[in-house]
Amino acid sequence: MDDLTVPPGPGAPGGLRVPAGELVEQFSRSSGPGGQGVNTADSRVQLSLDLGTTTSLSEDLRPRVLARLAARLSGTVLTISASEHRTQVRNRAAARRRLADLLREAVVPPTVRRPTRPTRGSQRRRSEAKSRRSQVKQQRRRPGAE
């Protein structure tokens, strides 16, 4: 098994490389496609990576990744399952691809919201719309005793 390569992107301009020794693969029988062979072939793949101890994440990226993927973690271990293909080789590739995509999305820095103000034109249009609505409601009232 080779190292897992995460392509460059925001948050990791040089990409990431997860050593093969840190990835744990387990195989089991898949409930997915495969016909009669599904009962005999261990084609489901579970790929696990301990994000708390991996050397591929720097110390400033680690808390961001752990926070972003907190819902998917068991402790600090991220586990990906793949069983959509008939063969173990294709499921292994799918799991590695899915893990790389998750890591690439998790290292993206959060976007900073810059507070903005409504434009003068939008304020004017809102005020005019409110006054039009007010006039419509006034015209619906019963005529007064005047």
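Note that the structure is a prediction, hence the values are computed from the model and not measured.

A.B. asks: Which parts of the structure should I look at to understand the pattern of salt bridges?
C.D. replies: Between side chains of opposite charge, a pair can form as their charged atoms come close. Under the definition given, this model contains 5 salt bridges. With a closest N to O distance of 2.8 Å, E25 and R92 form a salt bridge. One end of the pair, E25, is in strand 3 (residues 23–28); the other, R92, is in helix 2 (residues 88–106), and 67 residues separate them in sequence. Take R92: its relative accessible area is 27%, and that puts it in the partly exposed class. Close ionic contact of R104 with D101 constitutes a salt bridge, the shortest N to O distance being 3.1 Å. Note that R104 and D101 are positioned in helix 2 at a spacing of 3 residues, about one turn of the helix. Judged by relative accessible area, R104 falls into the partly exposed class, the value being 28%. By relative accessible area, D101 is classed as partly exposed at 30%.

A.B. asks: Is there a simple way to think about the environment of G14 in this case?
C.D. replies: Among the structural elements, G14 can be located in the loop between strand 1 (4–6) and strand 2 (16–18). According to the relative accessible area criterion, G14 is exposed, its value standing at 71%. A sequence separation of 117 residues divides G14 from S131, and the C-alpha atoms of the two residues are 56 Å apart.

A.B. asks: I'm lost on the environment of S56 in this one. Help?
C.D. replies: Within the element layout of this structure, S56 appears in the loop between strand 4 (44–50) and helix 1 (62–68). Once the C-alpha coordinates of S56 and S28 are considered, the two residues, 28 residues apart in sequence, prove to be 27 Å apart. Apart from residues no more than four positions distant in its own chain, S56 is found in contact with L16, R17, V18, P19 and E22. In terms of polar contacts, S56 uses its side chain to reach the side chain of T54, at 3.0 Å.

A.B. asks: Mind showing me how you'd approach the nonpolar core here?
C.D. replies: Soluble globular proteins: nonpolar side chains tend toward being buried together. Counting residues in each nonpolar core, the largest one holds 26 residues, and the members touching the most others are L51, V65, L69, L78, L99 and L103. Counting only elements with at least two residues in this core, the list comes to strand 1, strand 2, strand 4, strand 6 (77–82) and helix 2. For this core, the element with the highest residue contribution is helix 2, accounting for 7 residues. Dropping the residues within four chain positions of it, L51 is found in contact with L57, R62, V65, L66, L69, L73, T76, L78 and L103.

A.B. asks: For this particular structure, what's the right way to read the sheet that holds strand 5 (residues 73–74)?
C.D. replies: For sheets, the rule is that strands pair by backbone hydrogen bonds, running either parallel or antiparallel. A sheet is described by the order of its strands in space; here 4 strands give the open sequence 3-4-6-5, paired in antiparallel fashion. The open sheet has two free edges, formed respectively by strand 3 and strand 5, since each of these has just one partner strand. Running over the sheet, helix 2 touches strand 3, strand 4 and strand 6 and is turned about 140 degrees from strand 6.

A.B. asks: When you look at the side chain of R96 in this model, what are you seeing that I'm missing?
C.D. replies: Within the secondary structure, R96 is located in helix 2. E25 provides the closest opposite charge to the buried, unpaired R96, separated from it by 4.7 Å. A polar atom in the side chain of R96 sits 2.7 Å from the backbone oxygen of D2. Setting aside residues up to four positions removed in sequence, R96 forms contacts with M1, D2, D3, L4, L23 and L47.

The rules behind the values
- Residues numbered from 1 in each chain as written.
- Predicted model: local features only at pLDDT ≥ 70, side-chain atom pairs only at ≥ 80, totals over all residues.
- Heavy atoms only, no water.
- Salt bridge = Lys/Arg side-chain N within 4 Å of Asp/Glu carboxyl O.
- Helix = DSSP H or I, 4+ residues; strand = E, 2+ residues; numbered from the N terminus.
- Buried < 20%, exposed > 50% of the residue type's maximum accessible area, 1.4 Å probe, protein only.
- Contact = heavy atoms within 4.5 Å.
- Polar contact = N/O pair within 3.5 Å; in protein donor to acceptor, adjacent residues only side chain to side chain.
- Core = buried A, V, L, I, M, F, W, Y, C linked by side-chain atoms within 4.5 Å.
- Pairing = 2+ DSSP bridges.
- Axes fitted to C-alpha atoms, helices over the stretch in contact; angles between N-to-C directions.
- Lys, Arg positive; Asp, Glu negative; His and termini not counted.

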